[in-house]
Amino acid sequence: MKILAINGSPRANGNTALALREMTREFEAAGVAAGAENGTLSGTLSGTLSGTPSGTLSGTPSVIETEILHVGHKLIRGCMACGACGRNKDERCIMGDDPVNEAIQKIKSADALILGSPVHYAGIAGTMKSLCDRVFYVAAANGGLFRGKPAAAVVAVRRTGGSAAWQGLNYYLTISGMPIAGSSYWSVVHGALPGEAAQDEEGLQTLRNAARNIAAMLHEKEALRLASIDVPAPEYLRGARTNFIR
Ligand SMILES: Cc1cc2nc3c(=O)[nH]c(=O)nc-3n(C[C@H](O)[C@H](O)[C@H](O)COP(=O)(O)O)c2cc1C
């Protein structure tokens, strides 16, 4: 099992990175091993399953990896609305010279996703928005590549615009059929200069709680897997497409 966190800040070691690392540490505490950035380390799921399963446990617990993918410093242009992803259905954006296609496949193979962005002008940072527009459009054009994966969003902000940006990230997750891990507050951490978010104790607590909820969702999935219980995603109703100006 794997948790992928995407850092949409231009800063490799800014407050968004700090927030994602805080969550990674919490996964470790919850029995999910911490990983490397732009690389992976693996460990074993060590959390305990309490209660008596009604089925028989079989198989071995999954190895868990976490990875932080830094994209906010890359050149990533916005969606051209060319529709090629819908025609080709090859799980790719036709503009293949940036990290978008790599991110699509990394998310597809991950079991859980965290989207992280700094707040720029009360919204998602531009590069991160360009990436998300294309990644999630391709995912939708290919039948919903990320459906069912637990997910959460986190933003770093100096002062104002945190909840608007956080909401913006959640739009990608919810339209993709991804169950959202909530927390004790909305996952917004405050700080201006790199590292300042370390002083926002309540913000960090919120992130830790979000991470705990993701870990719990993964443990639940693992428990089902070990008990050989398959819960298929419900079939989607499709076909209705209502335009408002015709
Ligand atoms: C272009 C730009 C726009 C910003 N817009 C806002 C804003 O609307 N509201 C705010 O409170 N802070 C704003 N900030 C400050 C950042 O959100 C803040 O410094 C944050 O901690 C940066 O996270 P990072 O270190 O992960 O990049 C902005 C910073 C930049 C560079």
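Look a little higher up for the structure.
Residues numbered from 1 in each chain as written. Predicted model: local features only at pLDDT ≥ 70, side-chain atom pairs only at ≥ 80, totals over all residues.

**Regarding the nonpolar core**
Link 1 in the chain: Counting residues in hydrophobic clusters, the biggest one holds 62 residues, and the most contacted among them are Leu113, Ile114, Val135 and Val155.
Link 2 in the chain: Of all the elements, helix H4 (residues 126-141) adds the most residues to this core, at eight residues.
Link 3 in the chain: Leaving out residues up to four positions away in the same chain, valine 155 has contacts with Ser117, Pro118, Val119, Gly162, Ala165, Trp166, Leu169 and Val188. (Core = buried A, V, L, I, M, F, W, Y, C linked by C-beta atoms within 7 Å. Buried ≥ 20, exposed ≤ 12 C-beta atoms within 10 Å, placed from the backbone. Helix = DSSP H or I, 4+ residues; strand = E, 2+ residues; numbered from the N terminus. Contact = placed C-beta atoms within 7 Å.)

**Quick look at the packing of helix H1 (residues 15-29) against helix H6 (residues 201-226)**
Axis angle and axis distance: for two packed helices, these are the angle between their axes and the distance between the axes, and together they describe the pair.
Link 1 in the chain: Where H1 meets H6, the axes come as close as 8 Å, and the angle between the chain directions of the two elements is 45°. Considered as vectors, H1 and H6 are oriented oblique to each other. Between H1 and H6 lies a crossing whose hand is right-handed. Every residue of H6 that contacts H1 at Ala19, Glu22, Met23, Glu26 and Phe27 is listed here: Leu204, Leu207, Arg208, Ala210, Ala211, Arg212 and Ala215.
Link 2 in the chain: The class makeup of the residues in the contact of H1 with H6 is eight nonpolar, no polar and four charged. (Axes fitted to C-alpha atoms, helices over the stretch in contact; angles between N-to-C directions. Parallel < 35°, antiparallel > 145°, perpendicular 65-115°, else oblique. Left-handed = near helix turned anticlockwise from the far one by under 90°. Nonpolar A, V, L, I, M, F, W, Y, C, P; charged D, E, K, R; others polar.)

**Looking at the environment of glycine 203**
Link 1 in the chain: Among the structural elements, glycine 203 can be located in helix H6.
Link 2 in the chain: Overall, the presence of 26 C-beta atoms within 10 Å leaves glycine 203 in the buried class.
Link 3 in the chain: With 184 residues separating them in the primary sequence, glycine 203 and alanine 19 have C-alpha atoms 8.9 Å apart.
Link 4 in the chain: Every residue in contact with glycine 203, bar those within four places of it in the chain, is listed here: Val188, Val189, His190 and Ala197.

**Some points on the site of the ligand**
Link 1 in the chain: Surrounding the ligand, one finds 19 residues, the nearest of these being Ser9, Gly14, Thr16, Pro118 and Arg158.
Link 2 in the chain: Mapped by element, the contributors of at least two residues to the shell around the ligand are H1, strand S5 (112-120) and strand S7 (151-157).
Link 3 in the chain: In terms of residue count, the dominant contributor to the shell around the ligand is S5 (three residues).
Link 4 in the chain: Of the residues in the shell around the ligand, the class split is eight nonpolar, eight polar and three charged. (Near = placed C-beta within 6 Å.)

**A short note on unusual backbone geometry**
Negative phi values dominate among residues other than glycine, just as trans dominates among peptide bonds.
Link 1 in the chain: Backbone geometry places lysine 89, a non-glycine residue, at a positive phi of 50°.
Link 2 in the chain: Mapped onto the elements of the fold, lysine 89 is located in the loop between helix H2 (84-88) and helix H3 (100-109).
Link 3 in the chain: Lysine 89 sits in the exposed class, given 12 other C-beta atoms within 10 Å.
Link 4 in the chain: In this structure, alanine 122 takes a positive phi of about 60° despite not being glycine.
Link 5 in the chain: Within the element layout of this structure, alanine 122 appears in the loop between S5 and strand S6 (123-124).

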